[in-house]
Amino acid sequence: MRAHELEGLLEGFRGRLKANEPLAPIVWLRAGGPADLLAMPADVDDLAFLLKALPEEVPVTVIGLGSNLLIRDGGIEGVVIRLSGKGLGKIEVDGDLIRVGTALPDKLFAKAALDAGLGGFAFYHGIPGGLGGALRMNAGANGGETCDRLIEVVALDRQGNRHVLTRAEMGYSYRHSDAPKDLIFVEALFRGERRPEDAIRAEMDAVQKHREEAQPIKTRTGGSTFKNPPGQRAWELIDAAGCRGLRIGGARVSEMHCNFLINEDDASAYDLELLGETVRARVLAHSGVRLDWEVRRLGRFGETGEVEPFLGAGVGAFQRIADPPLS
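Reading the values: the criteria
- Residues numbered from 1 in each chain as written.
- Predicted model: local features only at pLDDT ≥ 70, side-chain atom pairs only at ≥ 80, totals over all residues.
- Heavy atoms only, no water.
- Pairing = 2+ DSSP bridges.
- Helix = DSSP H or I, 4+ residues; strand = E, 2+ residues; numbered from the N terminus.
- Axes fitted to C-alpha atoms, helices over the stretch in contact; angles between N-to-C directions.
- Contact = heavy atoms within 4.5 Å.
- Buried < 20%, exposed > 50% of the residue type's maximum accessible area, 1.4 Å probe, protein only.

Trainee: Hey, could you run me through the sheet that holds strand β12 (residues 162-166) in this one?
Mentor: Pairing between the strands of a sheet comes from backbone hydrogen bonds, and it takes one of two forms, parallel or antiparallel. As summarised here, the arrangement of the five strands in space is β6-β7-β13-β11-β12, forming an open sheet in which the pairing is antiparallel. Two strands in the sheet have a free side with no partner beyond their single neighbour: β6 (91-94) and β12. This sheet shows a mean twist of 15 degrees between the axes of neighbouring strands, independent of strand direction. As paired strands, strand β11 (residues 150-156) and β12 are joined by five bridges and run antiparallel to one another. Bridge pairing links alanine 155 to histidine 163 in β12. This element, helix α3 (residues 106-115), spans β6, β7 (97-101) and β13 (184-191) of the sheet and lies at about 155 degrees to β7.

As C-alpha cells, this is what we get:
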C-alpha cells in the first residue's frame, strides 16, 4: 500500500505524517534510507487511533530518539512510528513513585528523578536514548539497569489495545526483554529511593565524567555496538582482534573506545554494517567469541547489496575470504 493511500485511511490522526521521509537526520549515526511513511503521534490516544486505523498487512516499525539505530540504505517499508514530544513524554511523581512516558529522553528522566529527590536513576544520565528503547533492551550503564526499579510497563498492541506488564512479565535479562515484539511501550512506573539531591547530583556528574573520558560522545555514533559476552568485555575482544581504528568507506571503529562505530566521513549504512560484521568475523576468528549486535539494524538493504552476518563465514572460512577495502 502506497504512502498516499495510507494517509487517506488516517483522517482524524492528530499527529504529523510525512511520506518518503529521510530517517538519517534523526538517527545518531546519520545514515540510512527513508521511511515509506513517518508518523509522529500527538499522544497515547493518537497512537491508539493510528494503530487501529492501519490495516493488519501494513508493516509497523517503532523508533524513538534513534541513538542506537542503524537504518539500512533501502529505508523502512510501511509505517515508521516515532515516539517523541510532550504528549508521550510525561512525568508524574507521587511519593517515591515516578511514572514516565516512553518518549522522554533518558537524560531528562535522570534529571526529573534528581528534581524529585529520588535516587536509583543516575545511570540514565549516561544513556543517550529514550525510555522506550531502554525498556525494550533493558538498557544500563555504570552498574545500573532499567529493570532494577521498574514496577510495571503500559503498552499498546498492534490493534491499539492497552496492556499492563509487570517487571516479571517483561522477562528481563542482560540487554534483553522477552516482552512481545509487537507491543509498543507508552509509559512505565518506577519506585525510587529518597536520597539527598547533592548525592544524586554527584552520581550523575561521575557518570558524565566517565562518558567524556572514555567514550567518543561528540562523534556520529550509535553508542555501544556489541553486547558484552558473559564474563568478557566486547571492546577488549575487538582490540585484541586488531580492529581498533579499522575503517571501511566513511565508517571507522573508534580509537578511543573500540566498541563504538563512528560515521566519520558520510558513511553509508552499508559501510557501517559491513564494518560491524567485519569486526564480528575478526573477533570470531581470533577468539572464537560470537559478538551480538547491541545496535538495532532495521530496514531494507540498498543497491550496494546485503551484508551477511560474520561476512557469511565461520572461523575457518573467514581466514580464506578476501578482506573488504580497509584502511
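Trainee: What's the story with the pairing of β13 in this structure? I'm lost.
Mentor: Within a regular strand, side chains alternate between the sheet's two faces. The buried fraction of β13 amounts to seven of the eight residues, a majority that puts the element mostly inside the structure. Of the pairings in the sheet, the one linking β7 to β13 comprises five bridges and is antiparallel in character. Opposite valine 100, over in β13, you have alanine 188 as the bridge partner. When β11 meets β13, the two strands line up antiparallel, connected through six bridges. Each residue of the ladder has a partner; that of valine 153, found in β13, is alanine 188.

Trainee: Where do I start with the side chain of histidine 257 in this structure?
Mentor: Looking at where histidine 257 falls in the secondary structure, it is placed in the loop between β17 (251-253) and β18 (260-263). Every residue in contact with histidine 257, bar those within four places of it in the chain, is listed here: Ala214, Gln215, Pro216, Trp235 and Arg244.

Function cannot be read off these values alone, since they describe shape.
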